[in-house]
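Letter by letter, the chains look like this.
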Amino acid sequence: MHARLTAKELKEKLEKYIPLMEKLHKRSTDIGRELGFIFCVKDQNIFPSTVVEGESREISEFVGCEPFDATEIGSFHTHPSPLGVPLPAAQDLCYFMERGHQFLCVSGNLPYYIGCWEILDTPERKEFEKKCEVFSQCKDLQDCWRKELEMEEEMRKNWNKILRTIIEKPIKD
Ligand SMILES: [Zn+2]
């Protein structure tokens, strides 16, 4: 187990991957599919694992850090639709919390932006995380959608107690 990195350390280490995230966001918007990768950490260094592409819209299988003999610490993925907001969806957050990540980065077109957030270790995060199991129990699409909306509301209500901004950057053309 690696030591938790501070927000300042994360910012410094993530800055150099912004051009890669910009490049992937543009490609993702061109092809209309999500692209993303897991960030690995080894000896306090952060680096990206293999870039993966979503089947249609959502990425179902990320490549972790085992091939690099490293530990997963975070992720990046795109929201390539014209209305894709550069914010994590409730299901995104649940998914990466379950993988034990310390941060996540998301890019979007509305606005044309990349954001990275630290996932905080707070009681509010624990409460949110407990409710994530609703996503594995929905009855049909409509039920899933309703649960997504409820979780989105829960996430927004406690946004600053669950997430702390590390990077906020407009994408350069
Ligand atoms: Zn997403």
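Scroll up to find the structure.
Description of the structure in this document. (Residues numbered from 1 in each chain as written. Predicted model: local features only at pLDDT ≥ 70, side-chain atom pairs only at ≥ 80, totals over all residues.)

So, the pairing of strand β6 (residues 112–119)
On a regular strand, each side chain points to the face opposite its neighbour's, so the side chains alternate between the two faces of the sheet.
Alright, step 1. Bridging between strand β5 (residues 103–109) and β6 involves seven bridges; their strand directions are antiparallel. Across the sheet, the residue bridging to Gly108 is Tyr113, located in β6.
Alright, step 2. Between β5 and β6, which pair antiparallel and follow one another directly, the connecting turn spans two residues.
Alright, step 3. Strand direction decides the pairing type here: β6 and strand β7 (residues 163–170), joined by seven bridges, are antiparallel. Residue Ile114 lies in a different strand from β7, and its bridge partner there is Lys169. (Pairing = 2+ DSSP bridges. Helix = DSSP H or I, 4+ residues; strand = E, 2+ residues; numbered from the N terminus.)

Considering helix α2 (residues 18–31)
Alright, step 1. Taking 1.5 Å of rise per residue, 14 residues should cover 20 Å, and α2 covers 20 Å from first to last C-alpha, within 8% of that figure.
Alright, step 2. Taken residue by residue, α2 has Met21, Leu24, His25, Ser28 and Thr29 as its buried positions. For α2, the angular spread of buried residues about the axis comes to 135 degrees, placing them on one side. Facing away from the buried side of α2, by more than 90 degrees, are the exposed residues Pro19, Lys23, Asp30 and Ile31.
Alright, step 3. Residues of α2 that are buried in the fold lie against β1 (35–42), β4 (71–79), β5 and β6. (Expected span 1.5 Å × (residues − 1). Buried ≥ 20, exposed ≤ 12 C-beta atoms within 10 Å, placed from the backbone. Arc of directions from axis to C-beta. Contact = placed C-beta atoms within 7 Å.)

Description of the packing of helix α3 (residues 90–98) against helix α5 (residues 141–157)
Alright, step 1. It is at 8 Å that the axes of α3 and α5 come closest, and there the two elements cross at 75 degrees. Classified by the angle their axes make, α3 and α5 are roughly perpendicular. Taking contact as the criterion, the partners of Ala90, Gln91 and Leu93 in α3 are, on α5, Glu148, Met151, Glu152 and Met155. (Axes fitted to C-alpha atoms, helices over the stretch in contact; angles between N-to-C directions. Parallel < 35°, antiparallel > 145°, perpendicular 65-115°, else oblique.)

As for the nonpolar core
Alright, step 1. Phe103, Leu104, Cys105 and Trp117 are the most contacted members of the largest nonpolar core, which totals 35 residues.
Alright, step 2. With near-sequence residues (within four places) excluded, Phe103 lies in contact with Leu10, Gly74, Cys116, Trp117, Glu118, Ile119 and Ile166. (Core = buried A, V, L, I, M, F, W, Y, C linked by C-beta atoms within 7 Å.)

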